[in-house]
Amino acid sequence: MGLRKLSSGVFMLSALDYDRRLFDSLIPLPDGTTYNSYLITGSEKTALIDTVDPKFSAFLLGSLPEKLDYIVSNHAEQDHSGAIPLLLEKFPDAKIICTELAKPMLISLLHIDEGRFVTVKDNEQLSLGDKTLTFISLPWSHWPETMATYLNEDKILFSCDLFGSHLATTRIYADGAVYEPAKRYYAEIMMPFAKFIKAHLSKLRNFDIKLIAPSHGQIYNNPDFIFNAYDDWLGNPKNSVVVLYVSMHGSVKKMVDALVDSLASNGINVRQFNLAKSDIGKIAIALVDALTIVVATPTVRNMPHPNVIYALSIANIIVPKAKYLAVLNSYGWSNTTTIAAIKNSVPNLNIDLLGIVGCKGQPTEKELGAVKDLAEEINKKHTAVFSDKAN
Ligand code: FEO
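Predicted model, so just to flag it, every value in this text is computed and none were measured. Each residue is numbered by its place in its chain's sequence as written, counting from 1. For this predicted model, a pLDDT threshold of at least 70 governs which residues receive local features, and a threshold of 80 or more governs which side-chain atom pairs are given and counted, while totals over whole chains, interfaces and linings are taken from all residues. To obtain the side-chain values, all non-hydrogen atoms of the structure were included, while hydrogens and water were left out.

J.: Please provide a residue-by-residue account of the overall build of the protein, values included.
T.: Put simply, DSSP marks the helices as runs of H or I at least four residues long and the strands as runs of E at least two long, and each gets a number from the N terminus on. Counting secondary structure elements, the protein contains twelve helices and 20 strands. Relative accessibility thresholds used throughout: buried, under 20% of the residue-type maximum; exposed, over 50%; partly exposed, between the two (1.4 Å probe, protein chains only). Counting all 391 residues of the protein, 57% fall into the buried class. Throughout, a contact is declared for two residues whenever any of their heavy atoms are within 4.5 Å. Counting contacts in the protein only where the partners sit at least 6 residues apart, residues at least 24 apart contribute 69% of the total. Approximately 16,100 Å² of the protein is accessible, and the part contributed by carbon and sulfur atoms is 51%. By the counting rule applied here, Lys and Arg register as positive and Asp and Glu as negative, while His and the ends of each chain are not counted. Where a charge sits is defined by one atom per residue type, namely NZ (Lys), CZ (Arg), CG (Asp) or CD (Glu). When the 38 basic and 41 acidic side-chain charges of the protein are each reduced to a single mean position, those positions are 5 Å apart. Shrake-Rupley sampling with a 1.4 Å probe provides the accessible areas, and residues are treated as covered by the protein chains on show and by no other component.

What follows is the structure in structure tokens.
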């Protein structure tokens, strides 16, 4: 989309990537994504806040005015910085504004000449004449060098990845439909850095914000909507269990069914995902809330099924706040290393193993009884957490 006015002298430039289906060659994008850049024309100087993915460089270059003084790089990742080298060619006097940490990253990622940089510190300001930019350091949202930019006169926060959503749409302002894409984005990009994000929310609440303009997805003209959603996602786990399973011949599924029935009958919200056919983004969303993760897998050559290893490696990256883990396992002749492999797959999680139920081949009635006992153990833990909250 070409220049779209947000307020006097402030414009949004959205590169809509409807067809992108994977981010980082890993994260599914069911709704595509956007790369948002923002143009601010002050009475004396003009600044561009972030750029776009390099494949949209021509769109960006074709949408800019004759003169550009500053390119503010809130974050060095290439989906926002990738067009900077071409902009520097087109605007030979323009300077890049970024944090001290971002400068060497931009140099190594994009081979930019050192002389093109001006580095800024937390709370430092830059005047564009009748408009003033304030730079707010927000490390780990989502790399260590990241900052946001606040436009004082218009009360707009340009938050880059923070509060983003992978969503390609022509609608500028978010409504309730953004909730799931924003939660998916939070789960995949921000949840690993939850303790930093919590502190950033407190810091940002000191600013009078009328619009939040992230570099992916839509703009929030009701900032409380996304602040409140983040508060919820960053808060305590809910009375929820996520079951991640693979079943090759139905034995694991029998155990899963027994466990899920038992948990659900106790009022626990259970989300089960067949890893042979699930969207990893949906799993990430469910993991935002789960108190317990159940892993159910056949043993395949002494190891968990490869899809289980993959899902656990994603969980280990995104670091959900679940406190309990349980394992169901069916094996043909041995499962000695399967359980150890599951435990070793999630070293980043602060999680207690509540129990394991294994069976050789199909589960017997006795083993299904053990599954119900495990469900009862999970139920006790959840009851303890949630009755504490009620008191
Ligand atoms: Fe949208 Fe961390 O880049």
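J.: Account for the sheet that holds strand E8 (residues 95–99), with residues named and values stated.
T.: Across the sheet, which stays open at both edges, the seven strands sit in the order E1-E2-E5-E6-E7-E8-E9 with mixed pairing between neighbours. In this open sheet, the two strands that pair with only one neighbour each are strand E1 (4–7) and strand E9 (117–120). Taking the axes of each pair of neighbouring strands and ignoring which way they run, one obtains an average angle of 25° across the sheet. Between any two strands, at least two bridges found by DSSP are needed for them to pair. Relative to E8, strand E7 (residues 70–72) runs parallel, the two sharing three bridges. The residue bridging Tyr70 from the neighbouring strand is Lys95, located in E8. Helix axes use the C-alpha atoms of the stretch in contact, all axes being lines fitted to C-alpha atoms, and the angles between their N-to-C directions lie in the range 0 to 180 degrees.

J.: So what's going on with the pattern of salt bridges? Residues and values would help.
T.: Should a side-chain nitrogen of Lys or Arg be within 4 Å of a carboxyl oxygen of Asp or Glu, the pair is scored as a salt bridge. For the structure shown, the criterion picks out 15 salt bridges. Asp208 is the salt-bridge partner of Lys155, the closest N and O atoms lying 3.8 Å from each other. With Lys155 in the loop between strand E12 (147–151) and strand E13 (156–160) and Asp208 in the loop between helix H6 (194–204) and strand E14 (211–214), this residue pair connects regions lying 53 residues apart in the sequence. On the accessibility criterion, Lys155 (30% relative accessible area) is partly exposed. Through salt bridges with shared partners, a single network forms among Lys183, Asp232, Lys238 and Asp289.

J.: Now, about the domain arrangement of the protein: what can you tell me, with residues and values included?
T.: By the assigned domains, the protein splits into domain 1 (4–234) and domain 2 (240–390). Here the C-alpha centre of domain 2 lies 38 Å away from the C-alpha centre of domain 1. The interface is formed by 13 residues belonging to domain 1 together with 15 residues belonging to domain 2. As a working definition, buried area equals the accessible area (1.4 Å probe) given up by two parts on being put together, with both sides summed. Roughly 1,200 Å² of surface becomes buried between domain 1 and domain 2 when both sides are summed, with 63% attributable to carbon and sulfur atoms. There are three salt bridges connecting domain 1 and domain 2. Between Asp289 and Lys183 there is a salt bridge, and its shortest N-O distance comes to 2.7 Å. Here a polar contact means two N or O atoms within 3.5 Å. Within protein one must be a hydrogen donor candidate and the other an acceptor candidate, and residues neighboring in sequence count only if both atoms are side-chain atoms. Where domain 1 touches domain 2, the interface holds four residue pairs in polar contact (both at pLDDT 80 or more). Counting only elements with at least two residues in the side of domain 1 that touches domain 2, the list comes to helix H5 (179–190) and helix H7 (223–234). Broken down by element, the side of domain 1 that touches domain 2 gets its largest block of residues, six residues, from H5. Domain borders in the structure are assigned automatically or taken from a domain database.

J.: Any chance you could break down the sheet that holds E13 for me, citing the residues and the numbers?
T.: Strand order across the open sheet formed by five strands is E10-E11-E12-E13-E14, with mixed pairing between neighbours. Edge positions in the open sheet fall to strand E10 (125–127) and E14, since each of these has one partner strand only. Each adjacent strand pair in this sheet contributes to an overall mean axis angle of 25°, direction not counted. Across four bridges, E13 lies against E14 in parallel orientation. Considered in E14, the bridge of Cys160 is made with Pro214.

J.: Break down the nonpolar core for me, with residues and values.
T.: Ranked by size, the top nonpolar core spans 88 residues in total, and within it Leu64, Leu106, Leu157, Phe163, Ile226, Tyr230 and Ile293 carry the most contacts. For this core, the domains that each give at least three residues are domain 1 (4–234) and domain 2 (240–390). Apart from residues no more than four positions distant in its own chain, Leu106 is found in contact with Ser73, Ala76, Ser81, Ile84, Ile96, Cys98, His111, Ile112 and Phe117. If you look at the next biggest cluster of nonpolar residues, it comprises 26 residues, including Val243, Val270, Val294 and Tyr324. To define a nonpolar core, start from buried Ala, Val, Leu, Ile, Met, Phe, Trp, Tyr and Cys residues and group those joined through side-chain atoms within 4.5 Å.

J.: Could you give an account of unusual backbone geometry, with specific residues and numbers?
T.: Cis geometry is found at the peptide bond from Ser141 to His142, where omega equals 20°. The residue His142 is located in the loop between strand E11 (132–137) and E12 in this model. For Lys155, which is not glycine, the phi torsion reads 55° and is therefore positive. Non-glycine residue Val319 carries a positive phi angle of around 55°. Mapping Val319 onto the fold places it in the loop between helix H10 (306–318) and strand E19 (324–331).

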